[in-house]
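Tertiary structure, described
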2 protein chains.
Amino acid sequence: MLAKRKIAKILAMEEYFNPIVIEAIKPTLEAGLYPVKANQGQLLHFGARILKDGHEELAGAILYRKLGSENPWQELLLGEPDWNGNRVASLVLPNEITILEFAVLAWVDPVATCLRDRQKTSDAGLDASEYDLELASLHAQTLPLRRFLKRHERSFIIEIGAKLASFSAWYEFFPRSETSDPKTHGTFKTSVAGLERAARLGFDVVYLPPIHPIGLTKRKGKNNAISAKEGEPGSPWAIGSEAGGHKAIHQELGSEEDFRVFVSEAKRLGLAVALDFAIQCSPDHPYVSKKPHWFRYSVDGIIKTAENPPKKYEDIYPLNFHCEDWQALWNELKSIVLHWIGFGVTIFRVDNPHTKPFSFWQWLIAEVKREHPEVIFLAEAFTRPSIMQYLAKLGFDQSYTYFTWKNTKHELEEYLTELTKSEMKDYYRGNFFTNTPDILSEYLQEGGRAAFAIRLILAATLSPVYGLYAGYELAENQPVHAGSEEYLDSEKYQIKPRDWSQSTELTGLCQKLNSIRRAHSALQDMHNLEFCPTDNAELIAYRKQNLLCVINLDPHNAQSGSVSLPLSSLGLDLSSSYQLTDLLTGEKYTWHGDQNFVHLDPARQVAHLFSIDRQ
Amino acid sequence: MLAKRKIAKILAMEEYFNPIVIEAIKPTLEAGLYPVKANQGQLLHFGARILKDGHEELAGAILYRKLGSENPWQELLLGEPDWNGNRVASLVLPNEITILEFAVLAWVDPVATCLRDRQKTSDAGLDASEYDLELASLHAQTLPLRRFLKRHERSFIIEIGAKLASFSAWYEFFPRSETSDPKTHGTFKTSVAGLERAARLGFDVVYLPPIHPIGLTKRKGKNNAISAKEGEPGSPWAIGSEAGGHKAIHQELGSEEDFRVFVSEAKRLGLAVALDFAIQCSPDHPYVSKKPHWFRYSVDGIIKTAENPPKKYEDIYPLNFHCEDWQALWNELKSIVLHWIGFGVTIFRVDNPHTKPFSFWQWLIAEVKREHPEVIFLAEAFTRPSIMQYLAKLGFDQSYTYFTWKNTKHELEEYLTELTKSEMKDYYRGNFFTNTPDILSEYLQEGGRAAFAIRLILAATLSPVYGLYAGYELAENQPVHAGSEEYLDSEKYQIKPRDWSQSTELTGLCQKLNSIRRAHSALQDMHNLEFCPTDNAELIAYRKQNLLCVINLDPHNAQSGSVSLPLSSLGLDLSSSYQLTDLLTGEKYTWHGDQNFVHLDPARQVAHLFSIDRQ
């Protein structure tokens, strides 16, 4: 604050006494305005630059403790500086959900200064006895001597999240489709089969679209037809009917008790249940009649539908977050989240958070986490980078990404470099979905089963958090029409039973990948990603610790080329050979030097996922 | 502060009501901790990112006024956003030394939103009458309507400095050498010749080494000999003798009255006088006897000399800025600066500021500028980048740079890009000295007169602030020994008369460059620099508006090659020819297209400084 107050000319002379400067503190986000996110057990690297005039030996430390704790600060010494005065210190974070506060301390070390000067003087063959006297005088004082001790005026926050926030594989399915007959509505009871499938495939989280009563008014029909035919189930995102709103369960799915059993069955199978939190109302939602003042009205007194002019979405009424009764509305929305937490749900995938006020989310997430720090919020926003980033800054634990549309080597390298090396690494946890009920990418539509394998391997190995939407393992790839990313006969508007009896190459791949992810901590970290050059634009290669992934991005043709490995980073030397085991096939390879040849034919194998073994 | 306080869980619900986000505010330095520096009359670009959920039309403005003013804020509307919500606004800064404070305001514009939606709806051939109703309702309210008006919680500071801080050519000379005989000490009276020379060459500032009494004890002899012989004048940086200290004038230079006349003579010639502020004392300085407690002592009670073990500088005692009586010491040092301001001196070149406490400078500069905002402080620190940068952040108006050691095209392009495009552009004003009494670069030692011309043109055209140390125009290039950057027979330790009677190519070049700098505002701006590619590593080319400088960096050989010009930026098209005038020679050239051939032979001409004229 020195400089700022200096300008206002109100700083007392005493405040200039301390000569130490502390700057470039890491990790911080916008000078401490927002917390940094970290993971349980993560090796976190702190940094600070400590400067002072002259040549004295400086030292510094990170002070940290749990936020709000009355315990003494713990001290982590910063290491030796680089030429510019930058120092680092690393800390293994605790294996718990908590919030740490940290500050930076710096001081002059007169003993170290004296010892160094004595050494330099005697090394030069000169009389160093004056330093002996000085040392004696210093030792007569209390140790450790910290002269000009200074604490940086700001403190900074690190949120250590739930384990699943930083490492989890997600499986999205529609409970109503867990049936063998499109005319029979699946239920929470029949959906235990979906849980078992997800568990067998090795997933950690099952994510369900909204489970609430579906409106009848303006209900959409099959393939998003403007109106539903008799008996069509409608979209689960048109929430609310006479039977209830966001706290009710769609009666065809079962009872509250059935949902409780479903959640506990999931837990038994090692799965967490994620619900969709979509703040919007069908015209039949009880709020419309009971809380009409929570909606927006046209000048002519009609409730406003969702709109992005000239488009209008007549089956959905958005809430007016800034109505006069806003505090009651916000508290009601909070009570919805708490309601489902009461059923054992700890993860909320938030639908289109960018169409509701950011400050509402900031408030809601803080309020919920105050009592339930284990809860995870995933932001489903596909919009401008600045808005997706801001949602993550304000508190969302995870965020959807542009991964789905990054297909070429250049696009993938550029985007992953941003996620893992820019400031985003400190607050943005991307959840790499291969597909969603809204996104069947052109690459998947065109590329056949190989494309599905390629994108699955990319998602599961590039990011510790990834997911797929059911049907992916069956390589479903028919769009509603050419040029659309919507599925044909989208499950959003109809019940869609599938034949899950046969296992496919993709189910096997999925099982393997999830099993490998659990066995190899390298795949549980987002920031350890290093791309390796190849001489073929269709071959992408990247390394996470001792794992090397090489993928043929061309789903149609065999590709080959040379992969460059940074041998010294791997503790290998240029002259010796080393063995690699392909974790996907079990095959072993012997490589030599830093350039090795790879050939990948999508008809046989789209990728290697090597473990590199030192000899 | 939302996020920070959110974590501490003390934020009232009301504070979350406003849905607008303001971030990425520019220009700012470390979130407002330090002021940004700007120049009089500069076109300053402000920026801010304004975000909100949904699709409403947003708007924003920069609020600014003089710091401390009671006048209403002036409002500068931010322009249309880019895709990410970033907006800019530009302001021509006033032609005065002042401090501006600015803040950012943002709001929803419901009228613009309604007009846009009506347009989109009617463009789609749909009924837009509901928007007419809404507009009527909005117009019934008070205009301009600013919904959700939000002001960012921080305000930021911009210091508009003295004109010479951002645009000036400096000439350094030793008054004692303004004599025809090495045995006769030059005086302020004889130094009027130096002033006239500087004025004739077109300089704006004359900078003098310390003008105070020189100590006798441990006085250094010619070529830095460990002890001076009888009659040797010693180094002006060994300040203080029985005759006085930092407020006294070395009696061989003249009286206080002589100095007053010298300063007013300089003013008459359009020159500002810069003094050296070197905070150190010779063993004979009056402080040593009168203020012994201002120094440091060894354990055995002897005053500590300056040291960087194992080296000791026995002719110099550093002051102890943290002695018990520190406030009196700091105030005494401040009174020295005020003393010379009383003589009309407005520029202080601070000797080795990085060996004195940074917070002392922060205090001193603030204190002096409070009463004398026109004063300029130049930091003479050649050290680590972080420290040179920090001195500029804390308040130094100008800083020495690494320019002297940047010789190759790559080095120059990289360094100038840092100075003009990185955060440094907002606070670091580099003063490009071609040489100093301490720095005769290897390039100058080896390259002959062509090297001197090359470095002079680089300094004068790359940076609006540059300087040279007298003797440069005579191409003095003899080092004290091979491998040293010290001059042979350095003027630091002896009187050095020169024959100024003949004009040389370099004096002519210097005159021309200073005259061109005054005539062309393009050369008065640091940040408008754009490098132009050439196909020869020895040819560097850069553009400032319509001026194009092409220099052969090889002082020994003719070089030729092709220079690429961004024609569209210059308002030229590929197919037409255009004329260039070499401002150094007056010769005219006709170029065609974006690639043109240049040949520069150092025996004849080391550079072109073209003015590009549209046809």
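Check the entry above for the structure.
Scope of this entry: the structure provided in the associated data block.

About the criteria used
- Residues numbered from 1 in each chain as written.
- Chains lettered and ligands numbered in written order.
- Predicted model: local features only at pLDDT ≥ 70, side-chain atom pairs only at ≥ 80, totals over all residues.
- Heavy atoms only, no water.
- Salt bridge = Lys/Arg side-chain N within 4 Å of Asp/Glu carboxyl O.
- Helix = DSSP H or I, 4+ residues; strand = E, 2+ residues; numbered from the N terminus.
- Buried < 20%, exposed > 50% of the residue type's maximum accessible area, 1.4 Å probe, protein only.
- Least-squares fit on C-alpha atoms with pLDDT ≥ 70 in both.
- Contact = heavy atoms within 4.5 Å.
- Pairing = 2+ DSSP bridges.
- Axes fitted to C-alpha atoms, helices over the stretch in contact; angles between N-to-C directions.
- Buried area = accessible area lost by both parts, 1.4 Å probe.
- Nonpolar A, V, L, I, M, F, W, Y, C, P; charged D, E, K, R; others polar.
- Expected span 1.5 Å × (residues − 1).
- Polar contact = N/O pair within 3.5 Å; in protein donor to acceptor, adjacent residues only side chain to side chain.

This part is about the pattern of salt bridges. When the charged atoms of two side chains lie near each other, side chains of opposite charge can form a pair. Counted by the stated rule, this structure contains 65 salt bridges over all chains. For Glu75(B), the salt bridge identified is with Arg146(B), shortest N-O distance 2.5 Å. Within this pair, whereas Glu75(B) is found in strand S5 (residues 74–77), its partner Arg146(B) is found in the loop between helix H3 (129–139) and strand S8 (147–151), the two being separated by 71 residues in sequence. Taking relative accessible area as the criterion, Arg146(B) reaches 27% and is therefore assigned partly exposed. Salt bridges linked by common partners bring Glu23(A), Arg49(A), Glu30(B) and Lys393(B) together as one network.

So, on to the relation of the copies chain A and chain B. Screw-axis analysis of chain A against chain B gives a translation of 0.1 Å along the axis, an RMSD of 0.1 Å, and a rotation angle of 180°. What we have between these two chains is a two-fold relation. In terms of proximity to the rotation axis, the leading residue of chain A is Ala31(A), whose C-alpha is 3.2 Å off the axis. With an isologous cut-off of 70% or more, the 100% of interface residues of chain A that recur at the interface of chain B puts this contact in the isologous class.

Our focus in this paragraph is unusual backbone geometry. With an omega dihedral of 5°, the bond running from Pro309(A) to Pro310(A) counts as a cis peptide bond. Looking at the secondary structure, you find Pro310(A) in the loop between strand S13 (306–308) and strand S14 (311–313). Of note, the amide linkage connecting Lys26(B) to Pro27(B) takes the cis form, showing an omega dihedral of -5°. Locating Pro27(B) in the fold gives a position in the loop between strand S1 (21–26) and strand S2 (36–38). Of note, Glu30(A) is a non-glycine position whose phi angle comes to about 45°, a positive value.

Turning to the sheet that holds strand S19 (residues 465–469) of chain B, a few remarks are in order. All names here are of chain B. Read once around its circumference, the closed barrel built from eight strands follows the order S10-S11-S12-S15-S16-S17-S18-S19, with strand pairing classed as parallel. The mean inter-strand angle of the sheet, taken between neighbouring strand axes irrespective of direction, is 25°. Bridge count between strand S11 (residues 205–208) and strand S12 (residues 272–277): four bridges; the pairing is parallel. Within S12, the residue paired with valine 206 across the bridge is valine 273. Lying over the sheet, helix H5 (residues 192–201) contacts strand S10 (168–172) and S11, oriented at roughly 145° with respect to S10.

Attention shifts here to helix H5 (residues 192–200) of chain A. Along H5(A), the positions that sit buried rather than exposed are Val192(A), Gly194(A), Leu195(A), Arg197(A) and Ala198(A). Once H5(A) ends, the next one or two residues include Gly202(A), with phi positive near 90°.

What follows deals with the interface of chain A and chain B. Taken together, the contact pairs 81 residues of chain A with 81 residues of chain B. A buried area of about 7400 Å², summed over both sides, lies between chain A and chain B, and 61% of it is on carbon and sulfur atoms. Across the contact surface, chain A and chain B share six salt bridges. Its salt-bridge partner being Lys312(A), residue Glu130(B) comes within 2.4 Å of it at the nearest N-O pair. Broken down by class, the residue content of the side of chain A that touches chain B amounts to 37 nonpolar, 20 polar and 24 charged.

Here we take up helix H2 (residues 110–123) of chain A. Under the 1.5 Å per step criterion, the end-to-end length of H2(A) is 20 Å for 14 residues, consistent within 8% with the ideal 20 Å. Burial in H2(A) covers these residues: Pro110(A), Val111(A), Thr113(A), Cys114(A), Arg116(A), Asp117(A) and Thr121(A). As for H2(A), its buried residues are in contact with strand S7 (98–108), helix H3 (129–139) and strand S8 (147–151) of chain A together with strand S13 (306–308) of chain B. For H2(A), the N-terminal cap is Asp109(A); the gap from its side-chain oxygen to the backbone nitrogen of Val111(A) is 3.1 Å. Gly125(A), located one to two residues past H2(A), shows a positive phi value of around 75°.

All we've got here are geometric facts, nothing functional implied.
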